Amino acid sequence: QRAKGPSGHRTIKPSSPPPQPERPRLELIQQGVTLKWIEKDGLRMQATVREVQGQELTKTAQFSNFSGQMYERGKVTTTMSAPKVVLDAEKRIVTATGGVLLKSLDRKTTIKAKWVKWYSRQNKVVGDGGVNITSEMGTMQGAAFVADTALKTLTVKNSAKGLEY
């Protein structure tokens, strides 16, 4: 629109901008990544993690905020949680670090260790870094431990030296 200003000249009033269409507010919520480790004999591990970084050449993957279940003959036997986990797909070894918690589902056995290695092929778990084991039999402490995946058989050691399977 044109109007006369104080000097008598015509001025142009800016028109208001056209209305913008309303846009939806979008939110993306991701609860985590799910990992399933399946061998010929069935599911071996299932886990949820916050983040995954994989290395195709080395066949390894690194996980953060790991919470998983280990299986034996198709049955969940043990849960494991840890801040960091490295999975070596070639060797079938899972290494958990940063303060690891293992829980047997069949027995009320709980193991806390600084780090834990699970040897999937051998159904063995070893751990080190100050180990606390709590079960119906009582509480044990040591430097390291060796157990089967289901935590049925436990051995507490004064060192993890040589604990490889």
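Parameters at a glance
- Residues numbered from 1 in each chain as written.
- Predicted model: local features only at pLDDT ≥ 70, side-chain atom pairs only at ≥ 80, totals over all residues.
- Heavy atoms only, no water.
- Helix = DSSP H or I, 4+ residues; strand = E, 2+ residues; numbered from the N terminus.
- Buried < 20%, exposed > 50% of the residue type's maximum accessible area, 1.4 Å probe, protein only.
- 1 Å grid on protein atoms, 1.4 Å probe; cavity = no way out; pocket = protein on both sides within 12 Å on 5 of 7 lines; lining within 4 Å.
- Points joined across faces, edges and corners; volume = space filled by probe spheres on them.
- Nonpolar A, V, L, I, M, F, W, Y, C, P; charged D, E, K, R; others polar.
- pLDDT = per-residue confidence, 0-100.

(A) Geometry of unusual backbone geometry. Non-glycine residue Asn65 carries a positive phi angle of around 55°. Here Asn65 lies in strand S6 (residues 60-72). Among the residues examined, Asn65 registers a relative accessible area of 42% and is labelled partly exposed.

(B) Main features of the layout of surface pockets. Approximately 170 Å³ is the volume attributed to the largest pocket. Taken together, Arg107, Thr109, Ser135, Glu136, Met137, Met140, Leu151, Lys152, Leu154, Thr155 and Val156 make up the full set of residues lining the largest pocket. Per element, the largest residue contribution to the lining of the largest pocket is 3 residues, and it comes from strand S12 (residues 154-157). Class assignment of the residues belonging to the lining of the largest pocket gives a composition of 5 nonpolar, 3 polar and 3 charged.

(C) Geometry of the confidence of the model for the protein. The predicted model of the protein averages 86 in pLDDT, with 81% of residues at 70 or higher. The least confident element of the protein, judged by mean pLDDT, is strand S1 (residues 2-4) at 54; the most confident is strand S8 (residues 93-104) at 97.

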